[in-house]
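Report on the structure
Here is how the chains run, residue by residue.
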Amino acid sequence: RNHILPKTSIQKRLRIFISYSRRDAGDFAKHIRWNFASFGQQYEVFTDVNSIRSGDIWSDTIEDNISSCDVFVAIVTYGALQSPHVENEVLQAQREKKRIIPCFYEYVAENDIKWGLNKIQGFEFGDKYELARNLYGTIIQNIRFVERHQKEPVSAAGPKVVDTSPADGAIG
């Protein structure tokens, strides 16, 4: 199926950082990266496996990419909740007041969710296709909301806007 991208006033590529556990969400992250790449040059998706070059100090590369991202996506699985790396990434994104979109794997119980992610509007997903579809829709919805409420075109790193409308399957 062909996806038609909405025309936006974004002047640069939207930088998306994907935080996940390789233990149980590597396939989810890979599918998001592939899905957004299929939309062309409008998105730059960072995943540790595909975005860190040999010889780089991986921890510095991750920190730099969190600092420069427009959207921080947390794929919340049981592996992620047990990962000190995911914890560090989420906490850095919170300290830097990044737009965080938590994506809750349907088998994760709400009372197991850490780092205050259950207080942030996100969505629940059951498979990699639903994850990619919902994430794309959420990102586009946020871009359009910001553009409607600004007098001048905004960059992808514009104001942090929280959608408070309930979403199907949303947790939080």
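Described in the following lines is the structure provided in the data block. For clarity, every value in this text was computed on a predicted model and none was experimentally measured. (Residues numbered from 1 in each chain as written. Predicted model: local features only at pLDDT ≥ 70, side-chain atom pairs only at ≥ 80, totals over all residues. Heavy atoms only, no water.)

So, on to the pairing of strand β4 (residues 99-105). By the criterion of burial, β4 is predominantly enclosed, with six of the seven residues buried. As defined by bridge partners, strand β3 (residues 71-76) adjoins β4 across six bridges and the pair is classed as parallel. Counterpart to A74 in the pairing with β4 is P102. Examined bridge by bridge, β4 and strand β5 (residues 123-125) share three bridges and lie parallel to one another. For F104, the partnering residue across the bridge sits in β5 and is E124. (Buried < 20%, exposed > 50% of the residue type's maximum accessible area, 1.4 Å probe, protein only. Helix = DSSP H or I, 4+ residues; strand = E, 2+ residues; numbered from the N terminus. Pairing = 2+ DSSP bridges.)

Further remarks concern the packing of helix α3 (residues 58-68) against helix α5 (residues 84-95). Between two packed helices, what matters for the description is the angle formed by their axes and the separation of those axes. Put simply, α3 and α5 touch, their axes get as near as 10 Å, and they point 35° apart. Read as a crossing pair, α3 and α5 show a hand that is right-handed. Counted together, W58, I62, E63, I66 and S67 of α3 and H85, E89, Q92 and A93 of α5 form the full contact between these two elements. Residues belonging to the contact of α3 with α5 are distributed by class as follows: four nonpolar, three polar and two charged. (Axes fitted to C-alpha atoms, helices over the stretch in contact; angles between N-to-C directions. Left-handed = near helix turned anticlockwise from the far one by under 90°. Contact = heavy atoms within 4.5 Å. Nonpolar A, V, L, I, M, F, W, Y, C, P; charged D, E, K, R; others polar.)

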